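# Descriptive analysis of the structure
Residues per chain are reported as follows:
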Amino acid sequence: MAAAALARRIGRSGVLPLCCRLPAWDRATRPPPSPLQPPGLPLAPCRSFSNNKIQVELDESSGVAMMKFKSPPVNSLSLEFLTEFSISLEKLENNRACRGVIITSALPKIFSSGLDITEMCGKSMEHYTEFWRAVQEMWLRLYGSNMVTVAAVNGSSPAGGCLVALSCDYRIMAENPKFSIGLNEAQLGIVAPFWFKDTFVNVVGHRVAERSLQLGSLHPAPEALKLGLVDELVPEEKLMEKAAAVMAQWLALPDHARQLTKTMMRKAVLDRLVAHREEDIKNFITFVSKESIQKSLRMYMEMLKKRKS
Amino acid sequence: MAAAALARRIGRSGVLPLCCRLPAWDRATRPPPSPLQPPGLPLAPCRSFSNNKIQVELDESSGVAMMKFKSPPVNSLSLEFLTEFSISLEKLENNRACRGVIITSALPKIFSSGLDITEMCGKSMEHYTEFWRAVQEMWLRLYGSNMVTVAAVNGSSPAGGCLVALSCDYRIMAENPKFSIGLNEAQLGIVAPFWFKDTFVNVVGHRVAERSLQLGSLHPAPEALKLGLVDELVPEEKLMEKAAAVMAQWLALPDHARQLTKTMMRKAVLDRLVAHREEDIKNFITFVSKESIQKSLRMYMEMLKKRKS
Amino acid sequence: MAAAALARRIGRSGVLPLCCRLPAWDRATRPPPSPLQPPGLPLAPCRSFSNNKIQVELDESSGVAMMKFKSPPVNSLSLEFLTEFSISLEKLENNRACRGVIITSALPKIFSSGLDITEMCGKSMEHYTEFWRAVQEMWLRLYGSNMVTVAAVNGSSPAGGCLVALSCDYRIMAENPKFSIGLNEAQLGIVAPFWFKDTFVNVVGHRVAERSLQLGSLHPAPEALKLGLVDELVPEEKLMEKAAAVMAQWLALPDHARQLTKTMMRKAVLDRLVAHREEDIKNFITFVSKESIQKSLRMYMEMLKKRKS
């Protein structure tokens, strides 16, 4: 059952992707389609497309797409961002010309700041549900992607930003010690969901995860390398070159064997969220609806606003 | 069900702790209460208390308790010691002024020598049952504690002593290479219970655990650091200072988020013993009742007696 | 149930081993007995025996057997080789004089090249079934062996050859950087079975396994050491001396405690194959019967033939 659900999710059959010949999808004029139920548009070769938040360019000769987060000021994972992210991944996943994707940021100093707090504050139950489902959806697509996924972490990457990097096949980080990465939820008084934790444990092992999660640690790049949180550091100006080289190395493998191997390694953890998805949403809503949490979030947001002005 | 059991065990509700205004609990004059069924004494602020085997001091300003093993000659984990240990942990757990505990030894050169062999030799089935239940109880309380637990390992720590250290959140060891630590049960011809093994694997990973457990290795401090069995080494005279600094770092996190994170990381392993507790006791009794084991233990104890005299 | 199956498999009760007083078992003149149903021959002290593919010598004074792969050109794991391997392991397992086995190659530069491709090409369903069952059988015996098993890896060891090494208790490799080791199945367009993966993860952890399996990496000896794939490197001329020293260290432990500890560490992964054995065979047959796979294998074999001539 879980296996079937997984197959449905990561499979290519019958899912018609949004097409890049269309004008960039405009969130302002019509409601976003569910990433799992895209409208029945005709399939078309996909070269490059730019939405509001994420720019995607596919080099059909190499089969490698470049995905750049460009949502100032800090690439926070809003509902809109997450929806675009999932749709972009699905487009690429369904494009036979695309075999791998490099994920990076178009903004300086920040890869992604993680989940957008404004989505969790003063909104309706329906909104919280939709938001959390979009977070889950993004992770299921990225962690379960059949493509080779390389994170070129060219800035700090806390919380949900770190999850994005952890969900890729390989992580290269700019060797700037001012950039840090980690699942620092505990610092904000909240708890990383179990599937953030599962993803983390699969990368760094149980002990490092236990300590880092409890302390809500943000690890400077050199420490992140030492802990295995990222695979290598390179000077920032060589990041994209290195990412392309790593991608070429991974693409040298036959897709089918590599994909089946990846599924074998990740299926248990993917299945766990698929099996507990609704429960996980309920947990999030219960948590975020607490007056104490809402109060903290409001205070935190006001602090951020003052900082800006 | 397992979750409920866990909640009952580590929860604070309805369990009235022994109170530190009372004179130190005197084992000689009345039988020890079960750690799970403490008598209905009034709750009171707890500052410091000293029992026969363990000295506890709580600094209410920092919220940190110091727990010192003082059971000469080697802090062996007798039934009395284990009962005191569990009760002390429960007292602190139920004291809202206490947020963390540093565990160390008041004796030179030894942290704890592990389970007391005299408790396993020539005693009744009832005694073995009571003893093993006390070992389980201690571990369930310590590994599942809501408090921050730091082991300041100021001496050697074989077998059960190692388990105590492994069950804490953080391990600092005196950097004396004469001090060693490890689950060396195999050296004595016995087998570490599965939950010792689970705790070990969660700290050092499967491969290191497999090799170390099969060889019954006692790792000198520098090797223990290399294997991840302890988190850092410091000169012995700086051990307490360092432990306090580490504790302050962990206490900087909001309790609630840290505790939920800890539970998320440790619950699977705790649940496993809770689910197999009676079976685990039966296994112990069957093992320890064997004439061959009793003979070895008697010989070992006689050897120890001769050494003393 | 799984425990009972395991006990049956690794237990000694009622299984009469082939005896070394008999002439070397001659595959040409009679069909091989199933390793699980050896003929009812009388038990006898076993000193040394040589079959077609593997030479075994037991030093009864030390209790250590030396098992040398001698199947030119590359010790590939053919049905005949695997059957001999399982029978040899069973003989030793059932010989009370034997407590440990050192596994190495009698050929230069190669430990074992892994599964024999000719066994997978142009054969009947019955043959594929028999072959795959023999692969499973070998692993179940080796990974679940009660003996101390030390791999003296004196040459390259890809795919199934790597599995043999991974299934031992300890791996020493010649420090020649030209020798490499790894589960490189993905390079050939195939996927390592789940129990190869489980064995690998138990040795190197999830992250290293995920990356290495997806890339089908063959790690040169120094890298293999760094990743924990082997336990140590020594100059090739000191390999056997070192293997004997390591064996002596492991044999210093009481057998019973060491064996129970080993079972505790490996049982979950062994049970998993035992529970899914027939399913795993079906998967293999389905895969290998594909015309696309058969075509690749034929081309690969023709390439190998041309290279020889």
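Up top is the structure these notes are about.
For clarity, every value in this text was computed on a predicted model and none was experimentally measured.

Our next topic: the overall build of chain A. Each helix and strand counted, chain A has 11 helices and 13 strands in total. Counting the 309 residues in chain A, one finds 57% classified as buried. Considering only residue pairs separated by 6 or more positions, chain A has 74% of its internal contacts joining residues 24 or more positions apart. As displayed, chain A has an accessible area near 12,900 Å², and 57% of this comes from carbon and sulfur atoms.

Here the focus is the interface of chain C and chain B. Taken residue by residue, the interface counts 19 residues in chain C and 19 residues in chain B. Of all residues in chain C, Leu253(C), Met264(C) and Met265(C) bury the most surface against chain B, accounting for 36% of the area lost on that side. Taken together, chain C and chain B are joined by 3 salt bridges. Put simply, Arg266(C) and Glu210(B) hold a salt bridge, and the shortest N to O gap is 3.0 Å. Our count for the contact surface shared by chain C and chain B stands at 7 residue pairs in polar contact (both at pLDDT 80 or more). For the side of chain C that touches chain B, the secondary structure elements donating two or more residues are β10 (170–174), α5 (194–204), α8 (239–251) and α9 (255–275) of chain C. Among the elements that take part in the side of chain C that touches chain B, α9(C) stands out by supplying 8 residues, more than any other. Partitioned by chemical class, the residues of the side of chain C that touches chain B number 10 nonpolar, 3 polar and 6 charged.

Time to look at the interface of chain C and chain A. Listed by partner, the interface residues are 19 residues for chain C and 19 residues for chain A. Counting each side, the surface lost to burial between chain C and chain A is near 1,700 Å², with a carbon and sulfur contribution of 61%. Looking at the side of chain C facing chain A, the largest losses of area belong to Arg207(C), Gln214(C) and Leu215(C), adding up to 40% of the total buried there. In this assembly, chain C and chain A are joined by 3 salt bridges.

Okay, the sheet that holds strand β11 (residues 180–182) of chain A next. Residues and elements named next belong to chain A. Taken in spatial order, the 4 strands make up an open sheet running β6-β9-β11-β12, and their pairing is mixed. The open sheet has two edge strands with one neighbour each: β6 (109–110) and β12 (219–220). With 2 bridges joining them, strand β9 (residues 155–158) and β11 adopt parallel strand pairing. Bridging from a neighbouring strand, Ser157 pairs with Ile181 of β11. Helix α4 (residues 159–166) rests against β9 and β11 of the sheet, and its axis sits at about 100° to β9.

With that settled, the discussion passes to unusual backbone geometry. Negative phi characterises most residues that are not glycine, and trans characterises most peptide bonds. Along the chain, Pro72(B) connects to Pro73(B) via a cis peptide bond; the corresponding omega equals 5°. Within the secondary structure, Pro73(B) is located in the loop between β3 (64–69) and β4 (76–77). Located in the positive-phi region is Ala159(A), a residue other than glycine, with phi close to 45°. In this model, Lys109(B) sits at a positive phi of 75°, which is unusual for a non-glycine residue. By the secondary structure assignment, Lys109(B) is in strand β6 (residues 109–110).

With that settled, the discussion passes to the packing of aromatic side chains. Across all of its chains, the model carries 36 aromatic pairs over all chains by this definition. Their ring planes at 80° and their centres at 6.2 Å tell us that Phe81(A) and Phe85(A) sit as a pair that is edge-to-face. On the criterion of helical spacing, the pair formed by Phe81(A) and Phe85(A) is a turn pair, its members being 4 residues apart in helix α2 (residues 79–93). A relative accessible area of 0% means that Phe81(A) is categorised as buried. Each ring, one from Tyr128(B) and one from Phe284(B), has its centre 6.5 Å from the other, and the planes form 90°; the classification is edge-to-face. With Tyr128(B) in helix α3 (residues 125–143) and Phe284(B) in helix α10 (residues 277–288), the pair connects residues that are 156 residues apart, well separated along the chain. Of the two residues examined, Tyr128(B) and Phe284(B), each falls in the buried class.

Relative to chain B, chain C is turned by 120° and slid 0.0 Å along the rotation axis, the superposed coordinates differing by an RMSD of 0.0 Å. Interpreted geometrically, this transformation is the action of a three-fold axis. Considering only C-alpha atoms, the residue of chain C closest to the rotation axis is Gly205(C), which sits at 4.3 Å.

Next up on the list: the sheet that holds β6(B). Residues and elements named next belong to chain B. Judged by pairing direction, the sheet is mixed, and its 4 strands sit side by side in the order β6-β9-β11-β12 without closing on themselves. A strand with exactly one partner marks an edge of an open sheet, and here the two such strands are β6 and β12 (219–220). Contacts from helix α4 (residues 159–166) reach β9 (155–158) and β11 (180–182), with the element oriented near 100° to β9.

Attention shifts here to α9(C). Maximum bend of α9(C): about 55°, positioned at Arg266(C). Those residues of α9(C) not exposed but buried are Ala257(C), Arg258(C), Gln259(C), Thr261(C), Lys262(C), Met264(C), Met265(C), Arg266(C), Val269(C), Leu270(C), Asp271(C) and Leu273(C).

With that settled, the discussion passes to a nonpolar patch on the surface. A cluster of nonpolar side chains, Leu188(A), Tyr300(A), Met303(A) and Leu304(A), forms an exposed patch at the surface whose accessible area comes to about 320 Å². Relative to the assigned elements, Leu188(A) resides in the loop between β11 and α5 (194–204).

Below, the discussion takes up the side chain of Gln214(A). Mapped onto the fold, Gln214(A) is located in helix α6 (residues 206–215). The exposure class of Gln214(A) is buried, given its relative accessible area of 0%. Apart from residues no more than four positions distant in its own chain, Gln214(A) is found in contact with Ala186(A), Asp169(B), Trp250(B), Leu253(B), Arg258(B), Thr261(B) and Lys262(B).

All names here are of chain C. For strand β8 (residues 148–153), the tally of buried residues reaches 6 of 6 residues, placing the bulk of the element in the interior. Residues Val148, Val150 and Ala152 of β8 are buried on one face, and the alternating residues Thr149, Ala151 and Val153, pointing to the opposite face, are buried as well. In this sheet, β8 lies alongside strand β5 (residues 100–105) in parallel orientation, the contact comprising 4 bridges. Directly across from Gly100, in β8, lies its bridge partner Val148. Summarising the sheet, β8 and β10 pair through 4 bridges and their orientation is parallel. Opposite Val150, over in β10, you have Tyr170 as the bridge partner.

A few words on the packing of α4(B) against helix α5 (residues 194–204) of chain B. Residues and elements named next belong to chain B. One way to put it is that α4 packs onto α5 with a least axis distance of 10 Å and a crossing angle of 50°. When the axes of α4 and α5 are compared, the pair comes out oblique. In this structure, α4 crosses over α5, and the sense of that crossing is left-handed. In this structure, α4 uses Gly160, Leu163 and Leu166 to contact α5, whose residues at the interface are Trp195, Phe196, Thr199, Phe200 and Val203.

Moving on, we get to the pairing of β9(A). Where β6(A) lies against β9(A), 2 bridges are found, and the strand directions are parallel. Bridging across to β9(A), Ile110(A) finds its partner in Ser156(A).

Residue and element names in this part refer to chain C. Applying the stated rule across the entire model yields 54 salt bridges over all chains. A salt bridge links Lys262 to Asp169, with the shortest nitrogen-to-oxygen separation between them at 2.9 Å. In this pair, Lys262 is assigned in helix α9 and Asp169 in the loop between α4 (159–166) and β10, connecting sequence segments 93 residues apart. With relative accessibility at 3%, the residue Lys262 sits in the buried group. When its relative accessible area of 0% is taken as the criterion, Asp169 is described as buried. The partner of Glu291 in a salt bridge is Arg298, with the nearest N and O atoms 2.9 Å apart. A relative accessible area of 49% places Glu291 in the partly exposed class. Note on Arg298: relative accessible area 38%, which makes it partly exposed.

Reading the values: rules and limits
- Residues numbered from 1 in each chain as written.
- Chains lettered and ligands numbered in written order.
- Predicted model: local features only at pLDDT ≥ 70, side-chain atom pairs only at ≥ 80, totals over all residues.
- Heavy atoms only, no water.
- Helix = DSSP H or I, 4+ residues; strand = E, 2+ residues; numbered from the N terminus.
- Buried < 20%, exposed > 50% of the residue type's maximum accessible area, 1.4 Å probe, protein only.
- Contact = heavy atoms within 4.5 Å.
- Areas by Shrake-Rupley, 256 points an atom, 1.4 Å probe, with all protein chains shown as cover.
- Buried area = accessible area lost by both parts, 1.4 Å probe.
- Salt bridge = Lys/Arg side-chain N within 4 Å of Asp/Glu carboxyl O.
- Polar contact = N/O pair within 3.5 Å; in protein donor to acceptor, adjacent residues only side chain to side chain.
- Nonpolar A, V, L, I, M, F, W, Y, C, P; charged D, E, K, R; others polar.
- Pairing = 2+ DSSP bridges.
- Axes fitted to C-alpha atoms, helices over the stretch in contact; angles between N-to-C directions.
- Phe/Tyr/Trp six-rings, centres within 6.5 Å; stacked < 30°, edge-to-face > 60°.
- Least-squares fit on C-alpha atoms with pLDDT ≥ 70 in both.
- Bend = angle between axes of the 7 residues up to and from the residue.
- Patch = residues over 30% accessible without salt bridge, like charges linked within 9 Å, V, L, I, M, F, W, Y side chains within 5 Å.
- Parallel < 35°, antiparallel > 145°, perpendicular 65-115°, else oblique.
- Left-handed = near helix turned anticlockwise from the far one by under 90°.

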